[in-house]
Amino acid sequence: MSDRSVTEDDLLTAALDELDVAKVCAHVATFAQSSLGAERLRTVQQYTNATALREELQRTQEVVDVMAAGDEIPFDRLADVSSLLRKTRIAGAFLSAPETLNVLEAMQTSRAIRRFFAERAERTPALAAFVRNLVDDRVLEKHITDAIDDTGAVRDNASRELQSIRREIHELSARLRTRLQRILKKFGDEELLTDDFITQRDGRFVLPLRVENKRSVEGIIHGVSQTGSTVFMEPAETYEMNNELSLLHNAELREIARILTVLTAEVGAVSHSIEEAVDVLTSLDVCMAKARHALKYGGICPTISDDEEIELTRVYHPILKQQATTSKIDVIPLSVSFDATTRGILISGPNAGGKTVAMKTIGCSIAMALSGLFPLGMVTTGMCRLFTAIGDHQSIDSNLSTFSSQIIRLRDILSYCGPDALVMIDEICAGTDPAEGGALAAGILDSLVERKAFFVVTTHQSSLKQYALTRPSIRNASLAFDDVKLQPTFQFLSGVPGNSYAFVLAQNVGLPDVVLSRARTYLGDRHDELEQSIAAMQRFRTEAEQHHATAREEAAKAERIKADYEERLSQFKKKRSELMEGARDEARDILRKAQALIENSVREVREQQRAAQDVKKDFERERDVLTKSEVEPTQAKGTPQGSVVVGSTVVLRGTSTAGTVMEIDAKGASALVEVNGIKFRFPLAQLDLSAQRPTAKRDDSMIMKLDAHTSLDLRGMRADEGLKALEGFLNDGILAGLSTGTIIHGKGTGALRKVVHEYLHEHPQITSFRIGTIQEGGDGVTIVEFR
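Residues numbered from 1 in each chain as written. Predicted model: local features only at pLDDT ≥ 70, side-chain atom pairs only at ≥ 80, totals over all residues. Heavy atoms only, no water.

1. Remarks on unusual backbone geometry
A positive phi angle, near 50°, is found at Cys-429, a position not held by glycine. Its location among the elements puts Cys-429 in the loop between β11 (421-425) and α15 (434-450). Owing to a relative accessible area of 1%, Cys-429 belongs among the buried residues under this scheme. The phi angle at Lys-452 is positive, at roughly 60°, despite the residue not being glycine. Within the fold, Lys-452 resides in the loop between α15 and β12 (454-459). (Helix = DSSP H or I, 4+ residues; strand = E, 2+ residues; numbered from the N terminus. Buried < 20%, exposed > 50% of the residue type's maximum accessible area, 1.4 Å probe, protein only.)

Structure (structure tokens):
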């Protein structure tokens, strides 16, 4: 029967302590700006409501975003004013001037924070809503600042009465000092003084007299120096003035008390609102501390799931990460997951190999997520309760051994755990007979599986490693061990059990070989085979992960190359489109010039045979047809079906004007095409069949013969001149159906050759190009091949 003297809260609190969460929170508290925020962080507890936890995480993430953007949150100072606010509600009580300033600073911070996030409501909606009701009472702030200065003193003009009293004090003090100066000079001449100055005792002006002269002067002694050689005497002739000054000071204190009482009453009227504002500001300070910690150590906002799942990806233990920043040590992250089918992880491996640290990293990361802190890695978890049995809880007073104390803890955990529990047990049932301990441990794990709890357990027992292999809901895991260097690597291996390497570690610390040899004879072959099998599994797992990492890198490299080529292809298409558009514009310009030339030529030839008006009408009709074909280029799209024969209607690729094939030169792979009554010879490869009707043939058609050069000399030209000449040369070569061409650019500095090659590389009608041979001209010549 369970002893319920240990409550569930006791177990949950113990778990946070054993997982080092309290240490983590104490470190996060150092990032807080107020004592209130630091104290709340040091006593942080896990959330039990998923909605409240998600809201807290969202607020913290918004603070992280604001800080990462470089915006400074105006959180200047926040004192604990809760006791002062309670005091304001007590009749007759009043706050001192410094205490009133503390309340004022809280109000000013409240107003500044409210305005800051209101201006950023779109970027920080959760924070803007959270601080929406903060105090913003500028009237009260002004009343306080009008009455009290930054040093905490009540201002002279806080009231007319105070101003009048202080004026009288100032004038009376000046007269009193003048009189004392005369007395001081007189006593100095008579050598009655120890020092030549005026001081105060009990608020009254006095003079320092030698002790032996105290009866030589009429007056009242207000004190004696520490050495006893000086007495501080108030001369009789200043009694009345000192009395009057004392009365004025009392009147001043009464007026100050009255002013502070009025201010205190005003504060008391809104004290509850200020208390609520201070609570919100404290929560904001907590979020800011969490955000600073996350930004410094790489914390990531966790995902709180509604499903039964736990997944950790590349998480670090925060204390190790903190140590790594100062000692420059490498910390190895780990990744692990639980789901509906995998409820438990059994971690095995050598002593000092990192098993307990791995388990604490898992538990601490989840505890941080459930406490509203950002774990150092990616964490997805549902709401769960954490139970632990970590460390040695033996007690002489309670007559508990290591084994019995752990069993009692496990008994209590089994009394409370359920499907929402995550249980972590270090070296389960290790302090007793291995056979009985292994059996007892297996029974405990069966009970956890039955309760559908998640669990992480560390062990050295080989029987438990074999037990886990037979349970689909339990997964073996280990920390890798370097067989060559004979030291742990702290790399977490999921799915692979670990060896204890007891003999290796014993040998490393210097245990005699004869002892080790004798010890091995007691192990038996089966144990040795198991250890070798586990070592082989670890080795194969490591190699597989290395190959996987290499494949992943190669895949990433391939993706980068693919993206690069896709970008280049996009740029090429864009460049080609620009070039084609330029070519079309140039073709239209040439055609317009040709039309003008034809019009002039026909008019000159026909002006005596036909009326000029008839010639002009024919020209305008032909021009309208040409213009229409340019405006409606979609009608001139080529059709890929069929082949070009004599009589076919075709268009030159890249243009929109149709023509009729007059003859075909099969040997030269070219065709004679009539366009608008003018005959051109084009390569067959550049012609597409068209459904557009060609312009009617004119009676006065004339054959134009186009000659194309096979070489181009660019020597002596600038780059822009050379490109223009090169463009014309290539256009002529394409129209003439040339297969190759020679471009002479000279050797020189190579700049002109580079410009030519870049242009050729982007030209869609160039199949290839190369530097000429020695016989062709060497580096000073480029040979191009047309499509």
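2. Details of the packing of aromatic side chains
For the structure shown, the criterion picks out 2 aromatic pairs. Relative to Phe-117, the ring of Phe-116 has its centre 5.0 Å away and its plane inclined at 90°; by these criteria the two rings are edge-to-face. There is no split in this pair, since Phe-116 and Phe-117 are both buried. Plain terms: the ring middles of Phe-338 and Phe-454 are 5.6 Å apart, the flat faces sit at 65° to each other, and that makes the pair edge-to-face. One end of the pair, Phe-338, is in strand β7 (residues 334-338); the other, Phe-454, is in strand β12, with 116 residues separating them in the sequence. For the pair shown, Phe-338 and Phe-454 are each scored as buried. Geometry around Phe-130 places Arg-59 over its ring, the cationic atom sitting 4.2 Å from the centre. Directly above the aromatic system of Phe-454 lies the positively charged group of Arg-343, at a separation of 4.0 Å from the ring centroid. (Phe/Tyr/Trp six-rings, centres within 6.5 Å; stacked < 30°, edge-to-face > 60°. Lys NZ or Arg CZ within 6 Å of the ring centre and 35° of its normal.)

3. Some words on the sheet that holds strand β25 (residues 781-786)
Here we have 4 strands laid out as an open sheet, ordered β22-β23-β25-β24, and mixed in their pairing. In the strand order of this sheet, the two ends are held by β22 (711-713) and β24 (766-771), each with one partner. Ignoring strand direction, the axes of neighbouring strands in this sheet form an average angle of 20°. Strand direction decides the pairing type here: strand β23 (residues 740-744) and β25, joined by 5 bridges, are antiparallel. The residue of β25 that forms the bridge with Ile-744 is Val-781. Strands in contact with helix α22 (residues 751-762) are β23, β24 and β25; relative to β24, the strand with the most contacts, it is inclined by about 160°. (Pairing = 2+ DSSP bridges. Axes fitted to C-alpha atoms, helices over the stretch in contact; angles between N-to-C directions. Contact = heavy atoms within 4.5 Å.)

4. Points about the confidence of the model for the protein
The pLDDT averaged across the protein works out to 81; a share of 83% of its residues lies at or above 70. Contacts from residues 625-641, a stretch scored under 50 in pLDDT, to residues over four places away or in other chains number 26 contacts. Low pLDDT, under 50, characterises residues 697-706; the predicted model gives this stretch 14 contacts beyond four residues in sequence or across chains. (pLDDT = per-residue confidence, 0-100.)

5. Observations regarding a negative patch on the surface
Side chains of Glu-161, Glu-168, Glu-171, Glu-240 and Glu-244 sit close together on the surface and give a patch of like negative charge. Breaking the negative patch down by element, the ones donating at least two residues are α9 (160-189) and α10 (239-269). Sorting elements by how many residues they give to the negative patch places α9 first, with 3 residues. Looking at where Glu-168 falls in the secondary structure, it is placed in helix α9. A relative accessible area of 38% means that Glu-168 is categorised as partly exposed. (Patch = residues over 30% accessible without salt bridge, like charges linked within 9 Å, V, L, I, M, F, W, Y side chains within 5 Å. Areas by Shrake-Rupley, 256 points an atom, 1.4 Å probe, with all protein chains shown as cover. Salt bridge = Lys/Arg side-chain N within 4 Å of Asp/Glu carboxyl O. Lys, Arg positive; Asp, Glu negative; His and termini not counted. Charge placed at Lys NZ, Arg CZ, Asp CG, Glu CD.)

6. Quick word on the pattern of salt bridges
As enumerated under the stated definition, the model contains 30 salt bridges in all. Across the pair Arg-138 and Asp-136 runs a salt bridge whose closest N-O atoms are separated by 3.5 Å. For Asp-136, a relative accessible area of 36% puts it in the partly exposed group. Residues Glu-776 and Arg-770 are paired through a salt bridge, measuring 3.0 Å at the closest nitrogen-oxygen approach. Arg-770 sits in the partly exposed class, given a relative accessible area of 39%.

7. Let's talk about empty space enclosed by the protein
Applying the stated rule across the entire model yields 2 cavities of 30 Å³ or more. Space inside the second largest cavity adds up to approximately 30 Å³. Around the second largest cavity sit Lys-23, Val-24, His-27, His-293, Pro-318, Ile-319 and Gln-322, which together line it. Of all the secondary structure elements, the ones that give two or more residues to the lining of the second largest cavity are α2 (21-29) and α12 (318-327). Of the residues in the lining of the second largest cavity, the class split is 3 nonpolar, 3 polar and 1 charged. (1 Å grid on protein atoms, 1.4 Å probe; cavity = no way out; pocket = protein on both sides within 12 Å on 5 of 7 lines; lining within 4 Å. Points joined across faces, edges and corners; volume = space filled by probe spheres on them. Nonpolar A, V, L, I, M, F, W, Y, C, P; charged D, E, K, R; others polar.)

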